[in-house]
Amino acid sequence: MASSSSFNLRNSVMLFLSILASSLMAASAANFYQDFDLTWGDGRANILNNGDLLTLSLDKASGSGFQSKSEYLFGNIDMQLKLVPGNSAGTVTAYYLSSQGPTHDEIDFEFLGNLSGDPYILHTNVFGQGKGNREQQFYLWFDPTADFHTYSLLWNPQRIIFSVDGTPIREFKNSESIGVPFPKNQPMRIYSSLWNADDWATRGGLVKTDWIHAPFTASYRNFNANACVWSSGASSCTSQSPSSTSDNNAWLSQEMDSTSQERMKWVQKNYMIYNYCTDTKRFPQGLPPECANANQS
């Protein structure tokens, strides 16, 4: 009887310690000290509030940036951003996934600043094997400078879904069957930077950065990555199929349901301002092959 009680007590203690360790891991999952390195800007990038907040700043001398410590090969990734307020013309806040090299893969959110009172432009793009030119641009249906909003990327072997506050705005499907490269073999880091691009960012470069308003500052919080971490040539996900894993990896085969598709259509109808798949002037020899499938519209 004593040994049984001792056994049960030991199991209870081990279970408690396991739960405690899990909760501590969850609590530290969004800690910027743990997850990111400040890579450039000479003090213009800062981690604050015990790791809960990260800020990037831009002045006339320099912008700033950071990158994730980990590389990922597929993931469901969220970040909350509050963009540069006021007159942000000429500035770009870039938040993206990218591998390295001339045939790199990349998945982009870029926020193009504008004159005070005008809407930001959210610029999206997908690169596969070094080839991009797949831009879609949107106005946002809220002021992205007044508060934090969640910008999400769902990236699995079948598709990439861009979402804002849980509303999908764009889907890029895997069209390898018709010869379109899809990001699925190169692990990517998360990057973000705030920089001056007044040669093109606002009205094609007509509106320049007004340095009287510097420093310009963007803020980040509540990073979360339910993702396959790539390390030493191997993925932390044992399978690319969620059937052999837990519900936590259901995103690996996730697709949009009818409600999500309707919400995306609403965004694209009301807020999309550019779609490469309708730009016949840009592609006089014919639109990219994935556009014919209506996959990217």
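Nothing here was measured: the structure is a model prediction, and the numbers come from that model.

Basis of the calculations
- Residues numbered from 1 in each chain as written.
- Predicted model: local features only at pLDDT ≥ 70, side-chain atom pairs only at ≥ 80, totals over all residues.
- Heavy atoms only, no water.
- Buried < 20%, exposed > 50% of the residue type's maximum accessible area, 1.4 Å probe, protein only.
- Helix = DSSP H or I, 4+ residues; strand = E, 2+ residues; numbered from the N terminus.
- Pairing = 2+ DSSP bridges.
- Axes fitted to C-alpha atoms, helices over the stretch in contact; angles between N-to-C directions.
- Contact = heavy atoms within 4.5 Å.
- UniProt positions renumbered as here; feature names shortened; annotations may be inferred.
- Expected span 1.5 Å × (residues − 1).
- Arc of directions from axis to C-beta.
- Disulfide = S-S within 2.5 Å.

## Section: the pairing of strand 2 (residues 45-48)
- Residues of strand 2 alternate between two faces, with Ala45 and Ile47 buried on one and Asn46 and Leu48 left unburied on the opposite face.
- Pairing geometry for strand 2 and strand 3 (residues 53-58), over four bridges, is antiparallel. Looking across to strand 3, one finds that Leu48 is bridged to Leu53.
- In this structure, the hairpin formed by strand 2 and strand 3 is closed by a connection of four residues, where Asn49 is found at a positive phi of approximately 55°.

## Quick look at the sheet that holds strand 8 (residues 121-127)
- Strands sit in the order 1-4-13-6-7-8-9-16 across an open sheet of eight strands; the sheet is antiparallel. Looking at which strands have only one partner, the edges of the open sheet turn out to be strand 1 (36-40) and strand 16 (272-275). When strand polarity is set aside, the average angle formed by the axes of neighbouring strands in this sheet is 15°.
- Sitting on the sheet, helix 3 (residues 258-271) touches strand 9 (136-139) and strand 16, and the angle it makes with strand 9 is about 80°.

## Quick notes on the environment of Asp210
- Structurally, Asp210 can be placed in the loop between strand 13 (189-196) and strand 14 (216-231).
- A residue is classified by how much of its surface remains accessible, and Asp210, at 27% relative accessible area, is partly exposed.
- Remark: the alpha-carbon pair of Asp210 and Ser88, spanning 122 residues in sequence, is separated by 8.0 Å.
- In this structure Asp210 touches Asn87 and Phe216, once residues within four positions along its chain are discounted.

## What to know about the UniProt feature "glycosylation site" (unreviewed entry) in the protein
- Feature annotation in UniProt places "glycosylation site" (unreviewed entry) on Asn114, given in this structure's numbering.
- Locating Asn114 in the fold gives a position in the loop between strand 7 (106-112) and strand 8.
- Of the residues examined, Asn114 reaches a relative accessible area of 11% and is grouped as buried.
- If we skip the residues at most four places from it in the chain, Asn114 touches Gly86, Asn87, Ser88, Ala89, Pro119 and Thr202.

## Section: helix 3
- End to end, helix 3 covers 20 Å across 14 residues, agreeing with the expected 20 Å (1.5 Å per residue, within 8%).
- Within the span of helix 3, buried status applies to Ser260, Met264, Val267 and Gln268. One side of helix 3 carries all its buried residues, which in axial view fall inside an arc of 95°. Away from its buried face, by an angle of more than 90 degrees, helix 3 presents the exposed residues Ser258, Lys265 and Lys269.
- For helix 3, the elements touching its buried residues are strand 9, strand 12 (167-173) and strand 16.

## A few points about the state of the cysteines
- Under the criterion given, the structure shown has two disulfides.
- Disulfide pairing is shown between Cys228 and Cys237; the S-S distance is 2.0 Å. Linking Cys228 and Cys237, the disulfide has an S-S dihedral of approximately -95° and is accordingly described as left-handed.
- Owing to a relative accessible area of 14%, Cys237 belongs among the buried residues under this scheme.
- Disulfide pairing is shown between Cys277 and Cys291; the S-S distance is 1.9 Å.

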